[in-house]
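Examining the three-dimensional arrangement
Each chain, written out:
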There are 2 protein chains.
Amino acid sequence: MLVTQKNQYALRAIFELAKYKGQGPVKIYEIAEAQNIPLRFLEVILSRLKRSGIVESKRGYTGGYKLIRDPMEITVADIFRFMDESLGPIECVACVSEKSNCPYQGQCAFFPMWQKVQDAIRDVFDKTTIHDLLEVDNSEGVHCCM
Amino acid sequence: MLVTQKNQYALRAIFELAKYKGQGPVKIYEIAEAQNIPLRFLEVILSRLKRSGIVESKRGYTGGYKLIRDPMEITVADIFRFMDESLGPIECVACVSEKSNCPYQGQCAFFPMWQKVQDAIRDVFDKTTIHDLLEVDNSEGVHCCM
DNA sequence: TACTTTCTCGATCGAATTAGTCGGGATTGA
DNA sequence: TCAATCCCGACTAATTCGATCGAGAAAGTA
């Protein structure tokens, strides 16, 4: 899977939080229900996102999670990076995409192609913000799975 | 990993066969050595590629594998498709990229993005032929892993 | 015929990654 | 004090992936 479930969950959690931006904290079980994410797993995910500073939390009765940054300033790539500690490069069997690890030092027929793919993917994720996704969500015209 | 080792091996095996196109069959251990692929694993891979009709084999003393189709007519995407029985779509947690499986029938904020990524990847793999890769290999200017 | 080489096929194993769970603790507000 | 909620690390389960193996079938060679 190009994007792991975990990362997709993370994205959807942030997306959900963005909906309620400016309205006080959202409880984890609300996010879990709304986005159909296993609650206990979501805990793991949110605690990671919290560490990255994109999300804030509060405990107790009035507790929950809050999105700190502006949805316009958060890209999908950001989220994946926070989750993974970097949106990893394609792992070329030969190259491992690191000059130092490449057994073909200097010449590899496939590398330029891996690069292209890499860049193409990154381009989409870098250019899509949470705000963009919310807009899609609000517009009627868009249809899923077709 | 976006492209599994197995698929990368497949690509490199075909690439290797393409080099000797028109020169009689290449033995499996020659391919394995040249491309540094575990021999027994390569058996599995080639037998699959054979079933897809891109490769031909002959047994016995003078045996080996031969590429049937023209390297100009084989794209990288083809190879991955043969291996996987389709270059699968991104597996969206919610959609699974099948209209019928999508719980959000009709509305999913993320789908257009998955589509874009999908298309971007496919575009590269669809447009790169084995012939292209051979050319990269022959040109001096290209450098690997940087 | 007997023998060697090479491909053929299915089963299986092991390691790594990923998904998901759990128990118990710390805060916070009522 | 109590209930609700987040917090944390360890743990387990499931799946995928990479790789190996044994035995057999074709093809040429002597």
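It should be emphasised that the depicted structure is a prediction, and the values quoted were computed from it without experimental measurement.

1. Regarding the pairing of strand β2 (residues 64-67) of chain A
All names here are of chain A.
- Sheet analysis places strand β1 (residues 55-58) next to β2, joined by four bridges and oriented antiparallel. Residue pairing in the sheet places Glu56 in a bridge with Lys66 of β2.
- Where β1 folds back on β2, the antiparallel hairpin that results is connected by five residues, among which Gly60 adopts a positive phi of roughly 85°.

2. Considering helix α1 (residues 5-19) of chain B
- With 15 residues, α1(B) ought to run about 21 Å at 1.5 Å a step, and its terminal C-alpha atoms sit 21 Å apart, in line with that.
- Of all 15 residues that make up α1(B), twelve are buried, and the element is covered over most of its length.

3. Structural notes on the packing of α1(B) against helix α2 (residues 28-35) of chain B
Residues and elements named next belong to chain B.
- Running from amino to carboxyl end, α1 crosses α2 at an angle of 110°, the nearest separation of the two axes being 10 Å. The angle between the axes of α1 and α2 places the two elements in the roughly perpendicular class. The way α1 lies across α2 gives a crossing that is right-handed. Taking contact as the criterion, the partners of Arg12, Ala13, Phe15, Glu16, Leu17 and Lys19 in α1 are, on α2, Ile31, Ala34 and Gln35.
- Of the residues in the contact of α1 with α2, the class split is five nonpolar, one polar and three charged.

4. Observations regarding the packing of aromatic side chains
- Evaluation of the coordinates by the stated rule reveals eight aromatic pairs over all chains.
- Aromatic pair A:Phe125 and B:Trp114: ring centres 6.3 Å apart, planes at 85°, arrangement edge-to-face. In this pair, A:Phe125 is assigned in helix α5 (residues 111-127) and B:Trp114 in helix α5 (residues 111-127), connecting two distinct chains.
- What makes A:Phe125 buried here is its relative accessible area of 2%.
- Here the aromatic residues A:Phe80, A:Phe125 and B:Trp114 are joined through ring pairs into a cluster of three or more.

5. A closer look at the protein's contact with DNA strand C
- The environment of DNA strand C is made up of 26 residues, and the closest members are A:Gln5, A:Arg40, B:Lys50, B:Ser57 and B:Tyr65.
- Each atom of DNA strand C within 4 Å of the protein was classed as base or backbone; sugar and phosphate made up 63%.
- A distance of 2.8 Å is found between a phosphate oxygen of DNA strand C and a backbone nitrogen or oxygen belonging to B:Ile28.
- Every element with two or more residues in the surface near DNA strand C is listed here: α1 (5-19) and α3 (39-51) of chain A together with α2, α3 (39-51), β1 (55-58) and β2 (64-67) of chain B.
- For the surface near DNA strand C, the residue count by class is nine nonpolar, seven polar and ten charged.

6. What to know about the protein's contact with DNA strand D
- Taken together, 25 residues form the shell around DNA strand D, and within it A:Lys27, A:Lys50, A:Ser57, A:Tyr65 and B:Gln5 come nearest.
- Sugar plus phosphate: this is where 67% of the atoms of DNA strand D within 4 Å of the protein reside.
- Within the side chain of B:Tyr9, a nitrogen or oxygen atom sits 3.1 Å from a phosphate oxygen of DNA strand D.
- A distance of 2.8 Å separates a base nitrogen of DNA strand D from a polar side-chain atom of B:Arg40.

7. Structural notes on unusual backbone geometry
Residue and element names in this part refer to chain A.
- Positive phi outside glycine occurs at Asn36, with the angle close to 60°.
- Within the secondary structure layout, Asn36 lies in the loop between α2 (28-35) and α3.
- For Asn36, a relative accessible area of 61% gives the class exposed.

8. Things to note about the nonpolar core
- Formed by 82 residues in total, the largest nonpolar core has its most connected members in A:Leu11, A:Ile79, A:Phe125, B:Leu11, B:Ile79 and B:Phe125.
- Apart from residues lying up to four places away in sequence, B:Leu11 is in contact with A:Phe110, A:Met113, A:Trp114, B:Val76, B:Ile79, B:Phe80, B:Ile130 and B:Leu133.

9. Observations concerning the pattern of salt bridges
Residue and element names in this part refer to chain A.
- Summed over the entire model, instances satisfying the criterion amount to twelve salt bridges over all chains.
- For Arg69, the salt bridge goes to Asp78, with nearest N and O atoms at 3.6 Å.
- A relative accessible area of 30% places Arg69 in the partly exposed class.
- Classification of Asp78 by relative accessible area gives buried; the value is 16%.
- Connected via shared salt-bridge partners are Arg69, Asp78, Arg81 and Asp126.

Cut-offs applied
- Residues numbered from 1 in each chain as written.
- Chains lettered and ligands numbered in written order.
- Predicted model: local features only at pLDDT ≥ 70, side-chain atom pairs only at ≥ 80, totals over all residues.
- Heavy atoms only, no water.
- Pairing = 2+ DSSP bridges.
- Helix = DSSP H or I, 4+ residues; strand = E, 2+ residues; numbered from the N terminus.
- Expected span 1.5 Å × (residues − 1).
- Buried < 20%, exposed > 50% of the residue type's maximum accessible area, 1.4 Å probe, protein only.
- Axes fitted to C-alpha atoms, helices over the stretch in contact; angles between N-to-C directions.
- Parallel < 35°, antiparallel > 145°, perpendicular 65-115°, else oblique.
- Left-handed = near helix turned anticlockwise from the far one by under 90°.
- Contact = heavy atoms within 4.5 Å.
- Nonpolar A, V, L, I, M, F, W, Y, C, P; charged D, E, K, R; others polar.
- Phe/Tyr/Trp six-rings, centres within 6.5 Å; stacked < 30°, edge-to-face > 60°.
- Near = heavy atom within 4 Å.
- Polar contact = N/O pair within 3.5 Å; in protein donor to acceptor, adjacent residues only side chain to side chain.
- Core = buried A, V, L, I, M, F, W, Y, C linked by side-chain atoms within 4.5 Å.
- Salt bridge = Lys/Arg side-chain N within 4 Å of Asp/Glu carboxyl O.

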